[in-house]
Amino acid sequence: MPGIVIVGAQWGDEGKGKLVDLMAEKADGVIRYQGGNNAGHTIVHGDVTWKFHLIPSGILYSSKPCMIGNGVVIDPVVLTGELDGLKGRGVDLSGLKISANAHLIMPYHLMLDTAGEARLGKLQIGTTRRGIGPAYMDKAARLGIRVQDLLDEKILKKKIAAALAPKKAQLRDWEKDPALDLQSMTEEYLAYGNRIEQYITDTAKLVHEELKGGGTIIFEGAQGAMLDIDHGTYPFVTSSNPIAGAACVGAGVGPLAINEVWGVAKAYATRVGAGPFPTELDNEFGETLRKAGGEFGTTTGRPRRTGWLDLVQLKYAARINGFSHLAITKLDVLSGLGDLKLCTSYKTNTGAELDDFPYHQSVVHHLEPVYTTLPGWDEDLTKVREEKDLPDAAREYLAFIAHEVEVPVAMVGVGPARDQMITMSA
Ligand code: IMP
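Residues numbered from 1 in each chain as written. Predicted model: local features only at pLDDT ≥ 70, side-chain atom pairs only at ≥ 80, totals over all residues. Heavy atoms only, no water.

## With respect to the domain arrangement of the protein
Inference 1: As assigned here, the protein comprises domain 1 (3-100 + 200-260), domain 2 (104-196) and domain 3 (266-423).
Inference 2: Here the C-alpha centroids of domain 1 and domain 3 sit 24 Å apart.
Inference 3: Taken residue by residue, the interface counts 35 residues in domain 1 and 37 residues in domain 3.
Inference 4: Here domain 1 packs against domain 3, burying approximately 2900 Å² in sum over the two surfaces, 59% of which is carbon and sulfur.
Inference 5: The largest per-residue losses of area from domain 1 upon contact with domain 3 belong to Gln10, Trp11 and Lys18, which jointly make up 25% of the total buried on that side.
Inference 6: Inspection of the region where domain 1 meets domain 3 yields three salt bridges.
Inference 7: We note a salt bridge from Arg418 to Glu25, for which the minimum N-O separation is 3.1 Å.
Inference 8: Joining domain 1 to domain 3, the criterion identifies 15 residue pairs in polar contact (both at pLDDT 80 or more).
Inference 9: Going through the elements one at a time, helix 1 (16-26) and strand 3 (41-45) are the ones with two or more residues in the side of domain 1 that touches domain 3.
Inference 10: Among the elements that line the side of domain 1 that touches domain 3, the one with the most residues is helix 1, at five residues.
Inference 11: Across the side of domain 1 that touches domain 3, the residue classes break down as 16 nonpolar, 12 polar and seven charged. (Domains from an automatic or database assignment. Contact = heavy atoms within 4.5 Å. Buried area = accessible area lost by both parts, 1.4 Å probe. Salt bridge = Lys/Arg side-chain N within 4 Å of Asp/Glu carboxyl O. Polar contact = N/O pair within 3.5 Å; in protein donor to acceptor, adjacent residues only side chain to side chain. Helix = DSSP H or I, 4+ residues; strand = E, 2+ residues; numbered from the N terminus. Nonpolar A, V, L, I, M, F, W, Y, C, P; charged D, E, K, R; others polar.)

## Digging into helix 12 (residues 392-405)
Three or four residues apart is the spacing at which side chains of an α-helix point the same way, because the helix has 3.6 residues per turn.
Inference 1: With 14 residues, helix 12 ought to run about 20 Å at 1.5 Å a step, and its terminal C-alpha atoms sit 20 Å apart, in line with that.
Inference 2: Among the residues of helix 12, those classed as buried are Ala393, Ala394, Tyr397, Leu398, Phe400, Ile401, Ala402 and Val405.
Inference 3: Packing partners of the buried residues in helix 12 comprise strand 14 (309-310), helix 10 (311-321), strand 15 (325-329), strand 16 (340-347), strand 18 (368-374) and strand 19 (409-413).
Inference 4: Among the residues trailing helix 12, Glu406 stands out with phi positive, at a value near 65 degrees. (Expected span 1.5 Å × (residues − 1). Buried < 20%, exposed > 50% of the residue type's maximum accessible area, 1.4 Å probe, protein only.)

## Description of the nonpolar core
Inference 1: Formed by 73 residues in total, the largest nonpolar core has its most connected members in Phe219, Leu331, Leu334, Tyr397 and Ile401.
Inference 2: With eight residues, the top contributor of residues to this core is helix 12.
Inference 3: In terms of domain composition, this core takes at least three residues from each of domain 1 (3-100 + 200-260) and domain 3 (266-423).
Inference 4: Discounting residues that sit within four places of it in the chain, Tyr397 has contacts with Ala267, Leu309, Leu331, Leu334, Leu340, Leu342, Leu374 and Trp377. (Core = buried A, V, L, I, M, F, W, Y, C linked by side-chain atoms within 4.5 Å.)

## Re the packing of aromatic side chains
Inference 1: Summed over all chains, the structure comprises seven aromatic pairs.
Inference 2: Both rings, one in Trp11 and one in Phe277, keep their centres 5.1 Å apart while their planes meet at 55 degrees; by these two values the pair is tilted. Note that Trp11 is positioned in the loop between strand 1 (3-8) and helix 1 and Phe277 in the loop between strand 12 (269-271) and helix 9 (284-293), a separation of 266 residues in sequence. Both residues of the pair, Trp11 and Phe277, belong to the buried class.
Inference 3: On the numbers, 5.9 Å between centres and 75 degrees between planes, the contact of Tyr346 with Phe357 is edge-to-face. Taken as a pair, Tyr346 in strand 16 and Phe357 in the loop between strand 17 (353-354) and helix 11 (361-365) lie far apart in primary sequence, 11 residues in all.
Inference 4: Members of the aromatic cluster, connected to one another through ring pairs, are Tyr316, Tyr346 and Phe357.
Inference 5: When the ring centre of Trp50 is taken as reference, the NZ or CZ atom of Arg89 above it lies at 4.1 Å. (Phe/Tyr/Trp six-rings, centres within 6.5 Å; stacked < 30°, edge-to-face > 60°. Lys NZ or Arg CZ within 6 Å of the ring centre and 35° of its normal.)

## Brief notes about the environment of Leu289
Inference 1: Looking at the secondary structure, you find Leu289 in helix 9.
Inference 2: The class of Leu289 is buried, set by a relative accessible area of 0%.
Inference 3: With 222 residues separating them along the chain, Leu289 and Met67 place their C-alpha atoms 35 Å apart.
Inference 4: Apart from the residues within four sequence positions on either side, Leu289 is in contact with Tyr268, Leu281, Glu295, Thr306, Gly307, Val333, Leu334 and Leu337.

Here's what the structure looks like:
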C-alpha cells in the first residue's frame, strides 16, 4: 500500500528530483502536490540530462501514472513546452495525468508577480517571477481558472473576464498597456486545453485506486520546509505548503494514506531569493562552496546563497514534516574542504541560546549560529557506492546528523547521476 512523501528539508534545491526518480522506478505512480514551475529538477540518466519544472520526473517510467495534482499551479505555456521537449526525445507520455482541479497560471499572474516585487523595492522576496504567488492568490480569492475550465469556451471566457477587470486595475501603475485581451487570451487558452485534454482526469481518484490496490505512490513535494507559507520564514516563502501534510490536500488523500516521509537535505545549506539564512557564508568560503556544488538555480540561474548545515533548522523541519527517513545529498561536495561546521544551536541578539527554531521573525533575523566542528575528509566520494567505503569522517558526519535530528539517514548522494546514491544500513 505505501504512500511515500518526498519533501525538501531546507530551502529547496535539495536534490529531491533524484530521489523521486529512483523511487519512482519501483513505485506504481508519482504525484506532485504543490508549487508550479518555480521548481526545477535536473535528472541525469546515463549521458542524457533532463530538466523538468512541472512534470514529475517519473514520466521517464513510461506508462505508470505520473500525475500533476490539484494543489499544483500550472502554466500551460510551460507545460506544453515540456511536453514538446519530451515528445521530441521519444518519451512515452501515456502515463501523464493532470488534475482537472489544478489552477492555471495566467499571463496576468506573471505581470503581477513582477509588479509586486517592483512595488516592494528593497523588501522584495526574490520570487522566481513565474506568477506562483498571484495564481495562489486568485485561487484563494475564488477568481482562479482551473484546468477543467479549458474544456468549455463559455465558462473559460466568463472566468477570464471576471479575473481580468481587477488585474487591469492592479497593473495600471506598472504596465502602461498590458496586453490582456479577453478574446485572444480565451482563444490561446482553449488551444492549450485542446492539447492537454487527453491527460486531464480526476487524479485524486486515481491515487486512491492505486493505493487501494496495494500500489506504491510517491507524493513529490517542491521547494522546501523553510519556504512553507505557514511554517517557513514568512514572508520570504513561496505561496504554497511544501511540507508533508500538504501532500494530503494537494493530492486528495487522507493522512492515513501516508506511510513514510522522506526529508531530503543537502550536506550543507543553500537558499535562493531573500530572507533569513542563519548559517550563510557570505564570504570567500561560501563562494568556494557555491563553485564546488554548482549552486546556481535550475529555474532562474541565480547564484544560490551557501552556508553550513543547520541542524536546528533540520530538526525543526523533521518536526513539522514528521520525517521517517533522511536523504543527505551532495556529500561529495564537502571533500577536501577541511574541518566541517554544523550548527547545533543559535545565539539571539539578547544573548539567549536556542536549540529550537524560533517562531518570531525579528529573532530569526538576528540569529548567530553556534557550531560544532567535525573533521572533514579529502577522499573523492563520487565513486563510492557502499556505506563501508565511505571515509570514517564522512560516516561520522552522517551519524552526527542522524543523532541530532533523531531521524535515520537512509540514503546519501555522492554525485548527480542516478547510481551515485548509497543506501545506508538501518
Ligand atoms: P515564488 O515561489 O516564485 O513565489 O518565490 C518565493 C521564494 O521561494 C523565493 O525566495 C524563491 O527563490 C523561492 N523558491 C521558489 N521555488 C523554489 C525552488 O524550487 N527552489 C528554491 N527556492 C525556490
